[in-house]
Every structure is written in C-alpha cells, then in structure tokens.
Amino acid sequence: MRLVEIHVDGFGALRDRSITDLPPGLCVFHGANEAGKSTLLAFVRRILFGFPDRRSNVNHYDCVHGGKKKGRLVFLRGDERVVVERVEGARGGPVKVVFADGTQGGEVELSRLLGSTTRDVYQSVLAFSLDELQTFETLASNQVADALSVAAMGENPQRLGQVRAEWENELRELFTPRAHKAAVTEGLRRIEDLRDRVREMERDPEAYARLCEEIASLEDELRSLESERREKGGLLVEVRNLIHAWPDWHARALAAAELAELPRVPSFPPDGIGRLETLAGERRTLERTGAQLGERLHEVRRELAAVEWDGALLAEARAVRGLERGLSGFEEAQGQVRSLERELQDLERRLESLAREIGPGWADPERLRRFDLSSRSREAFRELQEAVREGRHRVEALQREREAAERARAEAVEIERQRAEAYQEIPEPPPGLDEREIQAHHSKQQHFAAALRDLPLRREELRRERDDLARFLQEVDLDWPEERIEGLTGTVTLREGVRRAQDRLARADEAVTRAELAERQARERLEEARVKALQAEGRLGEAPAPPVRDEDELRQRRDLVRRLRARHGAVLRLEAEVRAGEQRLADLEESLSVRGGPDSDAGTRLPGWVWGAAGVGLVAVAGWALQSGNAALAAALAVLAAGGAVGYGLVRRRTAQVAAAEQALRRRRDQVRAEREALQDRLGAARKELADLCEAGGIPVPVTDEVLETLEAELDAWAGQLRERRMLLRAADEARAEQAEAGRRLEAAEQTRAEAGRALEAARREWADWLGRNGFDPSLSPDMAVDVLRRLEAARERMRSIRSLEDRIERMEETLRADVAGLNALLARLGRPPVEPEWFVETVGNLLAEADRVKELVRQKQAARERAEEARRNRERAEEALGQADERLRDARQALERAEAAWAAWVREQGLPEGLSVDAAVDVLRRVEACQEILDRIEEGRAGLEQRKSRAAEFLRRANEVLAGLGRPPCDPGQVPGAVAALAQDLEHAQRAFQKAEGLKARIADLEGELRSLEGPLRANRSEIEGLLRKAGARDEDEFRRKAEVFRRRAELEREVRIREASLANLLGDGALEMLERAYRERSAEDYRQQEAALAQELETLGDRISELHQRLGAKRRELDQLEKKEEISALRLRLAAETGALQDRARQWARLRLALFVLEKAREKYEESHRPEVLREAETTFARLTSGRYVGIRSPLGEKGALRVVAADRSELTPGQLSRGTAEQLYLSIRFGFVRRFLRGTEPLPLVFDDILVNFDPDRARAACEAIRDLADEAQILFFTCHPETVDRFRIVCPQLEVRELVAS
Amino acid sequence: MRAFSFVHAADLHLDAAFQGFAGLPDSHGHVFETLRRATFEAFGNLIRLCLDERVDFLLVAGDVYNAADRSLRAQLAFRDGMRHLAEAGIRAYVAHGNHDPLDSRVHSVRLPDTVHVFGKTESSAVFEKEGEPVARIHGASFPTRTVGKRFARKIQREGPEPFQIGLLHCTVGPHAGHEQYVPRTLDELRRAGLDYWALGHVHTRSELSERDPFVGYPGNLQGLHANETGPRGCFLVRVDEAGRMAPPEFVAVDAVRWSRRTLSIEGLPDIPALEQALGALLDEEARGSDGRPVVVRIELSGRGPLHGELLRSGTAAALLESTQRAGADLDPFVWPERVEVRTRPEVDLDRRRSGDDFVGECLRLIQEYRGAGAGGREPLRACLDELFGHPRASRFLPDLTDDDLLELLDEVETLCVDRLVPAEEG
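Conventions used here
Residues numbered from 1 in each chain as written. Chains lettered and ligands numbered in written order. Predicted model: local features only at pLDDT ≥ 70, side-chain atom pairs only at ≥ 80, totals over all residues. Heavy atoms only, no water. Core = buried A, V, L, I, M, F, W, Y, C linked by side-chain atoms within 4.5 Å. Buried < 20%, exposed > 50% of the residue type's maximum accessible area, 1.4 Å probe, protein only. Helix = DSSP H or I, 4+ residues; strand = E, 2+ residues; numbered from the N terminus. Contact = heavy atoms within 4.5 Å. pLDDT = per-residue confidence, 0-100. Phe/Tyr/Trp six-rings, centres within 6.5 Å; stacked < 30°, edge-to-face > 60°. Lys NZ or Arg CZ within 6 Å of the ring centre and 35° of its normal. Buried area = accessible area lost by both parts, 1.4 Å probe. Salt bridge = Lys/Arg side-chain N within 4 Å of Asp/Glu carboxyl O. Pairing = 2+ DSSP bridges. Axes fitted to C-alpha atoms, helices over the stretch in contact; angles between N-to-C directions. Disulfide = S-S within 2.5 Å.

1. So, the nonpolar core
In step 1: Counting 87 residues, the largest nonpolar core has Ile6(A), Phe1250(A) and Leu1254(A) as the members making the most contacts within it.
In step 2: The greatest single-element share of this core, amounting to nine residues, is contributed by helix α30 (residues 1221-1240) of chain A.
In step 3: Excluding its chain neighbours within four sequence positions, the residues that come into contact with Ile6(A) are Arg17(A), Ser18(A), Ile19(A), Leu22(A), Leu40(A), Phe43(A), Val44(A), Arg72(A), Leu73(A) and Leu1279(A).
In step 4: Core analysis: the second largest hydrophobic core is formed by 55 residues, Leu1136(A), Phe1158(A), Phe396(B) and Leu397(B) among them.

Encoded structure:
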C-alpha cells in the first residue's frame, strides 16, 4: 500500500499543508530545522493509529494556530485509491476510511487496511526517528517482540499478540490473587457472605427446640400460679365482704339507737326551714337597707352644710385664666432679653479681634463693609492667582524638556556617523542572475521530477480505471447508457425524493398501525363503558327506594319533627309550671285555712255583743256578790271583767292585724289561681297544637321523647338512603355518558383508521409515480431505490475520476515541455548551453545556489543603506525638536511676566499692602469675609432685644389691672408669676366647692325617695313569716327551728337504717344480719382488715408473676411464630448454590485460559528456538554491509531472551554496550531491517518513514546505509526526512533518480 | 384380611437447594420462587396423593431432610404434612438415612403421634386396619451419618401379619454417584422373607426385584440438579384381601422437572437462527413436561459457522440471557440454567497439527500433553494451582481430576485453533 498524498489540516505548527504525488520507492524530504519533518512523521503515525490520550506523557502536537488536529492520508492499494481521515477526539479520534467506490468505513476498515501492523510495530520498526533508533528498548516491548518474532515465524503477528493480550486481560478479569475486583474474588466474597448468613440461620432449629422447651415450662408454671390465685381470690372476696359490710352494720346500729331516743314530730311544713330562712333573710335585707339609707341621708345633709365658696373670684374667672395662659410667654421674653444682651457683647469682641489681625485701620465697620467680596471679585482674584502659579510651573517644565532634546541630538549625530561607515564597508554585488526567474524554475522542480516519474504510472492507472469501470457497469446491470450515468445530476434531489418517500411511507404505515391500535382500544373502552353502565343501572335497580321522594320532602318531615320536639318541650314546660302553680295554690289555701281553723283565736271571731253581755253579766254578778257581802267574789269578778275588757281590746287589735294579713294572702291566692288558669289555657292550646302536628304528620300519639328519637333516627336513615340513591343515579348517568363518549371515540378512531389507510395508498401511488418519472422500475422499494442510486453515483464518480485522470496526464505532459523550454531560455540569456529534461533539476539547483549567494549580498547592502538613512532621519528629527523646545521656553517666560504685573495692579486696587503674595492674599480675604458676617449678626441681635422688652411690659400691665379688680395689691415684674399662680389656685378651689354643693342636694332627694319605697315590702314579709310559724305550731322562730331539726333528724335516721339494711342484704344476701352478728362476734373489723391486706399482697405478687409469665410466654410464642414463618434460608441457600455454580464456571473458564496461555508460551519458546535465526540472518547481512565487513554475524544466545552478541570479522564477540554509538545504531538499524523484511513477507506493506537516522554514521557507512535503504525501497515505499544536505547528496549518488523534496517552514 | 394401600417415598431432601446453576433468575421472580419452593411443592404433592388415594399409610425411606442444611422450615413442613395425614387417619412410618441420622440436630420439631420413627436398631411396627393387623413394617434409622456393617442386618419376617415390609435407607448393588451406605445384596434381602423392601438412598427410580419380594427405589421426590432429569416421585402400592400386591405404580410428584438437551449448530447460519432453534427447543420442553416448569441444561454441539461467534467473549452469556428471557415467559416456564458451548471449529485438526507453523506447534504440544499420562500433565496442574489451590477459593471448587484436565485440554485446543487460525482459513 503506497502513500500518495498527505494533507495536514492542522497539526503542531503545520496548517493546511499538502504533500501530493508521493512517488513509490524512496523519497527524501530535505528541510531545515522546524520545517516540520518530525511533525510529519508524528502526523502519519497518528492518522493511522490515533491521537494519544491527553494524559499520556508525549508531545501532543497541539495546533499552534488553534483548532482541532485533523488531516488525511491518501493511499493507493493496488489501483484503488483509499483515503484515511482522522480528527482529534476520544479514543484516538474518529477515523473515516473512504474507498474508491465511495463507500466509507471506520476503525474496522482501517484495521483491515493496516493488516498485521500494530501501533507499536509501526512506531518501532516501520516509522521511527533517530531517538527511537538509539533506544533498542522500543524493540523489546512484548507486543513488538511478539509481532516481530512471530512475523519471522510466518504467522500473523498481530493475531498472536492480540490473542495473548486478550487472554491475559480475560484472565485478570477472572482472577489474580491480589485483584480485589476480579470476578472470582468478588464471587468468593458473595459466597462467603451468603454462607455466613446461612450459617446464622442454621441455628434456627436449636433455637426452635429451646423455645418449645421454654414455652412448655412457662405454661406449667403459669397453670400452677393461676390455680393458687383463684383459691386466694375466693378467700379475699369473703373477707372483703365482711370488711365492706362493717360500715353499714355499724352505721345501722348507731342510727337505730339514736332514733329510739328522739321525740316524735307529727307534721312539719315541707321545706319549712328553707322558706323561713328565705323570708327572714328578705326581712333582714329590707331592714338593713332602710337603716343604711337613713344613715347616708344624714351624712349628706351634714356635708352640704359644710361647703363654702368665693363668688367674686368666680365672676373674674376668665381674666384669671387669661393671665395664667400668658404667664409662660412673659417669662420666656424676660429670659431671651438677658441672653441676647450677652450674645451681642461676645460678637463685638470677636469683630474687634479679627479687624486687628487684618491690619491697622481695619476696625472701622464702614471700611470693612466697603471691601468687595462679590463672586466677580473672587473670580478675578482666583484667575490672577492661577495665572501666576501656572506660568511658573510651565517655565520649569520647558527648561527640563530643552535639556533632554539637547542630549538626543548629540546621540543621533553619533549614530549617523557609525552607520555611514558600516555601509561603506560592504562591497557592491556583481550584476547578473535574475533570482526570481530561477526561483520560479526551482518551484517547478519538484513537480517536474514527480511528474516525470509519475507519468507512466498515471497512464497505467488510467488503463486500470477504465477496465474497472467496465466491469462495474456490468455488475450494476442497469439499462442506463454511460452518457446518462455520467450526466446524472441531482442525486441529492433524488436521494431526498427517496428519503421523503421512505419517510412518507413509513409515517403512513405507522399511522395505519396507530389508528388500528387506537380503534381497538376505543372498542375495548366502549365495551368497558357499556359493562360499567349496565353494572351502575343494576346497582340502581337493586338499591331500596327511600320512603321519601326527595330532599324537600325529607326537609319538610324534618321540620315537622323539629316542630313536634319544640311543641313537646313547651307542653312539658307548661305542665311543670301548672304543677308548680297548683302546689303554690295549695300552700296558700292551707295558710288561709290555718287562719280560719281551730287553731285560730276563737275569741276574735265572737261578735262584740257577746263580749258586752258577758261583761254586763259579770258586773251584775259582781254587784250581786258585793250586795251579798261576798266582796272577794265581787273583787274577783271585777278583776275578771277588767281583764276581759283589756283582753277584748287586745284581741280586737290582733284581729285587725290578722284580717289584713289574711286579705293579702287571699289576694295572692287569687292571683296564683288566675295564673294557673292562664297556664292551663296555654297548656291546652299547646297540647292541641301538638295533636294537630301529629295528625298532620301521621305520627301516633302520645308523643314522647322515645317516639321523637325514633322519628329522628328514621329521618337519618332516609337521608342516607336518599344520598346513596343520588350517588347511584349520578354513577349511572356518568357511566351512560362515558359509554356515549366511548362510542363517539370509536367512530372517530374508525374514521381515522380509514383516513390512514387512504393516506398509505396515496403514498404508495405517489412513490410509484415518482419512480416512473425518474426512469426507475416502479416496483422498486425505497430501500432498493437507495441501493440503485448509490450504485449509479459510484459509477458516475468512477467516470469522473477517469476524466480527471486523463486531464491530469495531459496537463503533466504539457507542464514538462513548458518547464524545459523556460529553463533553456534562461540559460541562453546567461550565455550557457541548453539542457535535457533529465538535467533540469540539477541545473535549477546550481542556478539557485548561485542566485542565493548574490541575493544575500544584495540584501546585506540594501539593509546597511536603509539603516544609514534611518540614522540620518533620526538626527534631523532631534535637531528640529531642540529648536521647538527653545521657542516654547521663551513664550512661557513672557506669559509669566504678564501675570505677575496684573497681580500687583489688583493688590493696589483693593488697598492691600504692596508686595502681598498670591498665597498671603487668600488669608486676608478670608478674615474680611468673617468680619462682615459678624457685623450682620450684631445688627440682627439688637432688633430682637427691643421686641422682647415691649412684650413683657404689656403683660405686667394686664396683671395689675386684674389684681386691683379683686382688691388685691399690685405687683412688680419679679412678683408677677407668684401673684398669677395664687389667683389661679383660688379660682380652682371656688369652682370645685360650688359643684360639690349642687351634687349633694340631688343626692338627698334620691335617698328620701328610696326610703319611702321600702316600707310596703317589709310589711308583706312579716305577715308571711307569721303564717309559716303557725303552720309548724311554733311560737317563735327558734322553736320553729328546733322542731324542724328534730323532724329532719328522725327522717334521716330512718332512711339511714333502711339504706344500710338494704346494702347489707345486697352485699351478703338474705340472713346477712345474722351472719354479720356471728362474724363480728368472733373477730373485729380490724382483724379482717389485716387479713385482707395480707391476702391482697399475696394476690398482687401472684398477679405480677402471672403477668410476667404471660409476657414472656407471648414473646416466646411470637419468636416461635417468626421462626416458623422464616423462609429466607431457602432463598439464601438457592443463591449460595447459584453463586457456587457461577464461581465454578468462572474457575473453569480461568483454567481454560490459563492452560491456553501456558500452551501458547511453551509453543512460542519452542518455535522461537527453531525459527528466530532467520531474522538474525537477515539482520547480519545488512550489518556486515553497513560496517563494510567489519562485523560478520549477530547471535542471540539460547536462554538469554532478548540478548545479542555481535561477531566481528576476527570472530570475536561483543555485546551492543561495547560498540561505539554509531556502530550500535547500525546494529539496531540492521536488526530493524531484518525484522522489516520478515514482517513485510506476506503482509500488505505500509510506507516506512525514517527521520534523520544517519546522523551518527561516518560517510562510508552512511553511504552504505543509503544503499541499504534504497534496496529496501524496492520492497516498500520509504519516506526519508533529513535536515542535512550531505545526506541528500549521498542519496543522490547512490540513487540518481531519487526524488528529493524541499520542506519549507510555514 | 382387609385390603390396604400405601405410598412408598424416599429422599425427600426438603429445602435442599438446586445445584449447579450458573446464575439466578432474579429478574424473573416467579421462576426464582418456584425453584426455591420446589422440594416443598413436591412434598405437598406427595401428601395430596396420600389424601386423594385414601391410602392407609406412608413409608418414608430416609433423607427427609438434609441435616447439613439444618433447615427448620423443612422440619416444620414435614410436621405439617404429617399433621394433614394424621387428620385424615393416615399413619406414617419413617426411617432416617445418612442425610438426617438420629443424632443430627434436625429433630427439634415434634411430630404427631401417628408417625412412627424407627430407632437406631431393627424394630417393627404393626399396622392394624379396623382392628385387624394387616401389615408389619420392619425398619431402622441411621443413628449417625455412617453406620457399621451390622446395621439393620437382623430384619427378618416375624409375627402373623400377612404382609411384611422392610423400610431401609441403603445401597443394593452398585450405584454410580451414590456413596455405598449399608451395602446389601439382593439375595440378602430376599432371605429376610419379607413381601416388600421399601428402600431409599438412590435418587434414580429403580425396581431391583418385581416380586417375592418387591425391592425398589422410588428415587427422590424432586430432581435437584442437571443429572437428575425426568419425572421424580413415589410408588403407590395396593394389597388386596388375599394379601396379593398389585405391581407398584410410580406416580410423579415433582414440582419442577430437570432436562438436558443437545442442539447442534450445524447448518445454523447466524445467532438469530440459533435463537430460533433454541426457542423451538424450549417450546418442546414445555409441551413435554406434564404441565410442570422445566429447568433445562442445553449443550451446543457440532461444527458450524457459529462456532467462532459463540466463543467470542460475551456471546454465550448474551445467548443464555435471551434464551432465559424467552423461557421465563412460557407457561409453564422453561428455565435454561446454562447453555454449554461444546462446538468444534471447522478446521481439519490433523492437517493443522502436521503444519510447520505456530498453530501446528501449539496443537502438537497439546497432543503431547494428552498422551503424557497423569504424571506428564503435572505442569498443567501446577499452573492451575494458583486458583484451585487458593486457600479461599479451593473450598468452593471441586478437585481437578485427570479427566477434567483432559477435557480442559480439548477446550484449549478449540480455543487456540479458533483464535490463531485466520477466519478465512478456518
């Protein structure tokens, strides 16, 4: 395979560099340092084998001009032109291989192209530099050594190296003793992990047995403890019954004893004490309230009498308040007068001091006022000041500038002199050769040589291409004539048409598939929706119909029940009120009957004449007794009559009182009765309303709470049924809607499917039309059409290639003729004889060398002249600069003088001292400005002082007027605040006293009204208390209370006895009293309590123990249950078995590879032993030739892998280390040549590239090496880079037809 | 006498894991779960058979569990099965074998009283049907994993029961792949005068004597690895009123069936064609497994263009994976546990061996090792010692036999030829 073209898009310093038309055999590239020789070597290597990883420590040849590294190599493989392109990128960078038929490939195709040549082999043996030649180790890497040694064995070297590397990799991935991530090691780790887990679980059976035993033991213990607890529990119950019975027993006995001792009370008004206490409380409250009101009235009157006030002062209240408000203004004015006076004194002192600093005569305020400090005056001052300062600075700077210009002129004069001398020293160049013309011939030289050599090859190539095309057209088997194929245009359009058709057909097909799927899904959804609808309707039909139609009816029913409940509540309340009214009526009736009953005083009811007759009778009897001498009887009767008269008087009075109370009671009874009747009417109305509601709602009477609750529960149930029915209805509606929607979707899907089918048909028709239009068979599929198009394009490309080749050959012939004619014309002009085409290159080279020398002389002379001229121009520029500096300095000095004169005039004009500097004038101005400010402030202060003094005098006058009106003495300004304050205080006091007297009068009127309103209720209360005492037969409230206490106590005790006996019977059953009698006779309650405590303690201990046992048992049973349910071990064991199986598989795989490598190594040793000398024989022939027979052999001792011995002509042996540097390089080169020859045998040769490898060779050996290289070039293409012209000459000598190309740095 | 029937089973190996898998069907949960539960399912099938056939008793001739596995789950499953039988009034007679001897700690679960477990010395139990003794069962359990020569030698007919059975875990005659426990001869068993010898230990079903007495192994209930292919189950035995025994009927109860198949690559042009052939093979297995899931080991053999492709790294694994995916989706599933590539290159080895090139050198060397005898292959063994003698790994790897080495040499030869001979030449 021959390299014909190198194109570098970007690589190191090279950019857009092309080397074309590389010849077969040897081609020498000559170029100076940095011309790009080593870069080209690296470029060729990297295009073929990839760019190295960024991390590798090599020269990466990054593009100097930026951008990616990129380029291509063009090979001829046989007659086929193959382009290999590569761009920098990951994993060596993507590569593209383009074959002559237009097909493309990547790494795989490149690998096929390179055959057995690996990167290492290429770099070490086929394309290397001097450095690499000197390093024999590059030959020693395993892969290269394998490749080389096996190359010698006649096998594919890449295969063995690759196979061994692959096997070693696989082996490492499977297992190495120290690799933690190898498959076997990881498998082992998993197995051991699984085995540990399995082992842990294998303890389960023991744990299970142990748990079973523990559970049985716990159950035994539990049974025993529970039996004991039952026994002791029974005893505890008995003891506790006795203990519990004791309080009842004991209380009953005490109550019975007390009851026996209490007197009997036949009757007592219900809640008598409560009612008495209420009435008495009411009475006390009324009496206490009356007393409190009386006391309060007395106090208020006394307080009113003590209140006094000043009327005159009240009349002057407004004037006094006015003075009070104005007082603060008066005091403020006084204070301001004092502070202003102090401030004015300070300002006058400061003015005087500043004026003295300005100078004598400046203390006069008028002079100060006259001084002009306006902004215009200030601006004039600043301008004068700046003009003076700037003038001074400028003069100084220009003086320094002039000195520098002076120095520059002196230097320029000196340089001018030196360069003029240098120019004179260079001799004039001889007239003669036209270098450009020679250069033009030289530039053609390479092309000329290449074309001369390439022309026959091209002709041969053209013939082959034509033959190929003929064969290809036969293969394509198309009816198209050649002209039509060659004229084939618009393939992109055709391809695009095919691609569009492909897309359209695929899309249409996909649309049909999609539509069919959608239709199927829609049909399924419709079926699902139909089933759902049927189910929903079925559920609706099955659901029970609620007794009410809808929510409204339910709401009405709820309202009815709510109203029923409200009415029912009202009826109940009214019934209770009626009952209460009846009770109260009964009480009142009872009170009235008591008053009219046998307990009432009978005397009070006898008519007055009875009492009169009795008195007359008594008087008559007494008169008769007196007459009859029975004085004692008469006296007694008289006393009796007198007593009767007195008693009658008393009784009359009492009767009147009783009658009044009775009257009040009767009124209250009537009132209560009327209320009761009204309540009964309301109750009747409510009951009727309730009955009406029940009738309206069909509800049974009577209405009770239970009935209402039942109704409400029914309503809730109906509401639930209604809700459920509503949901079912909604679900049914939704299902029907869903069914309808699914139906619509199905229709749409069917339509879509039909449309998609139509679209597919249309696309197919359109494709057939397109094929017909473009002259293709209408039955072609798009894929087939692509293939046909591709073939047509390939054929067209081949035709174009042939045309291009024909053109090229013609151009080459014409160029050759023109080049020779041009050179001969030049020679004729120089008076030299013409040359034949074969001497073209040499003649041009000689002319060029001659022209180079003349050109160099001209260039030097021209440069010296330019430098002298430049020095002269520099000197003139320096002189000009000096003159300009002088002029600028003079102008500056004049400007400064003008500015200083203007300043002096201004000083005089302002009346300032003569000779005042611009810096000192700034201070003077600042002081005058301060003085003027102080003068302004003094005038302002004086005006304020006068204003405040008049305000104070006005206030003092008003104050004295008010004091005089109240008859008080006048005051001076110092007393004003005291006098005004005293007036304000007196006025406040008089106003408060007046308001208080008015309030007290209103209070007295209120209290008197309240006292009068208490009298009526007090009277009614007393009457009611008396009625209550009578009902209990008590004379007074104390007796009433005693009787009440006895009555309550008896009832309590009787109830106590009953309750206790019932409780005991409940606790112990019948015969409890007898049993307790016996029990408490034997032991005391305390004994039983002690026994209970002991039993309870024992039972608690037992309970705790049982509870603990239950917990432990539960835990154990749970543990047992978990163990029984545990299935993980099966899975783990299965995994373990699988992992072990996998491990064994991997081990077997490893063993196979390990044995294979073992066999490979052993076979290799044997094979090398028998075949290696062939390589060495090849090498030693070359070595003997290079060293002119000084060394005659190379030996590789058995058992010393890679070791070499060199055999000299005298048969002595040397190691490579004992050889000189040059000889060692010749040895290594010989070995490489040996390897190359063996390696190339039977494999596609790649171009060999050598980079200046003969540098260290002496002339003889270098010439011999050139010959060896020339001979090797018969077997493979060789590109030899050198920067040494003598190396080129040597090659020219041994190979006159050698093509030498110049490399020029870009 | 009253007619009766019984089931003779052996080698239950409950909760024993399947062996030899090259990978697990983790991504196919139903497959994994079925394989994990296979021994339990098979045992469940046995119990259902007893219940469905209303047999009178069940005989278990050893190796109920793998004592080494120490699986509680296995014991509980056995107890539950026995409980089901007890509830149906079916008794069980159990003699333990070398995998679950009496001294192993696998007997932590209490069995129902209807289960008779034979002790370490010979004894017998009488089975009565409706109060009438109809059968006497003689038997003994392994006291330890290994027993002496005198173990269970005294079993002889005794008592008036018309049908007498010997229940024993032992080896009768040579059986490859099984350790020789309690080696007995058929004559010895015949001399005992019994009617039926219910044996266990040998996993492959075999009937050593059809009558007078019947001597047989029912095999294990569930195949556990690729060498235990075909149906696995138990004997169902019926004895009529006259004491005549019908020929025992083998009933398959296995839950998953093992199978081995060979597929030639001859004529298969590419991997899709091979996958298609494998798919057909799986379908065939699914149809022929009586509705059971199948675990199949497939060996690819023959010479063909696919040989090189199959040897390429990753191809066999990818093929296995795709085949497993296809098999897992079948109903019942067919799980290819591994696909072994034993194909040969299309190369004339003898011709290559005689060549003067490097390949010839390799082949000659391999041939030398083949003919060198075991001693001459020691260098090969030594170079494998790195892994096979590795202290951690060797615990889980089988010892390399000389046969293994020879097999490996064959594989190496194939490998060398495949990789060193150019494809166009091959």
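2. Here we look at the confidence of the model for chain A
Detailed reading of predicted coordinates is not advised where the pLDDT is low.
In step 1: Looking at chain A as a whole, its pLDDT mean stands at 82, while 92% of the residues score no less than 70.
In step 2: For the stretch residues 150-155 of chain A, pLDDT sits under 50, and the model shows 20 contacts to residues farther than four places along the chain or on other chains.

3. Some thoughts on the packing of aromatic side chains
Two numbers describe a pair of aromatic rings. These are the distance of the centres and the angle of the planes.
In step 1: Scanning all chains against the criterion turns up 31 aromatic pairs over all chains.
In step 2: Centroid distance Phe142(B) to Phe151(B): 5.2 Å. Interplanar angle 70°. Geometry classified as edge-to-face. Of the two residues, Phe142(B) and Phe151(B), neither departs from the other in class, the shared state being buried.
In step 3: Taken together, the ring pairs in this structure connect Phe4(B), Phe6(B), Phe57(B), Tyr93(B), Phe127(B), Phe163(B), Tyr196(B), Phe214(B), Phe235(B) and Phe250(B) into an aromatic cluster.
In step 4: Residue placement shows Lys861(A) over the ring face of Tyr423(A); its charged tip is 4.3 Å from the ring centre.
In step 5: We note Arg205(B) situated over the ring of Phe250(B); from NZ or CZ to the ring centre the distance is 3.8 Å.

4. Regarding the interface of chain A and chain B
In step 1: Taken together, the 59 residues of chain A in the interface contact 67 residues of chain B.
In step 2: When the two sides are added together, the surface that chain A and chain B hide from each other amounts to roughly 5800 Å², 64% of it contributed by carbon and sulfur.
In step 3: Counting the surface chain A buries against chain B, the share from its top three residues, Leu1134(A), Arg1148(A) and Leu1155(A), is 12%.
In step 4: Applying the counting rule to chain A against chain B returns 11 salt bridges.
In step 5: In this structure, Arg392(B) engages Glu192(A) in a salt bridge whose closest nitrogen and oxygen atoms are separated by 2.9 Å.

5. Here we look at the sheet that holds strand β8 (residues 127-129) of chain A
Strands belonging to one sheet form pairs held by backbone hydrogen bonds; the direction of such a pair is parallel or antiparallel.
Residue and element names in this part refer to chain A.
In step 1: Ordered in space as β8-β12-β13-β3-β14, the five strands form an open sheet in which the pairing is parallel. Looking at which strands have only one partner, the edges of the open sheet turn out to be β8 and β14 (1299-1303). Going across the sheet, the axis of each strand differs from the next one's by a mean of 15°, ignoring polarity.
In step 2: Pairing analysis gives five bridges linking strand β3 (residues 26-31) to β14, with the strands arranged parallel.

6. Description of the state of the cysteines
In step 1: Counted according to the given criterion, the structure contains zero disulfides over all chains.
In step 2: Cys234(B) carries a free sulfur, and the closest cysteine sulfur to it, the one in Cys50(B), is 6.9 Å from it.

7. Examining the sheet that holds strand β7 (residues 104-105) of chain A
All names here are of chain A.
In step 1: Taken in spatial order, the six strands line up as β2-β1-β4-β5-β6-β7 in an open sheet, and their pairing is antiparallel. Pairing within the sheet leaves two strands with one partner each, and these edge strands are β2 (14-19) and β7.
In step 2: Pairing of strand β5 (residues 80-87) with strand β6 (residues 95-98), which is carried by four bridges, proceeds in the antiparallel orientation. Among the inter-strand pairings, valine 83 is bridged to a residue of β6, identified as valine 98.

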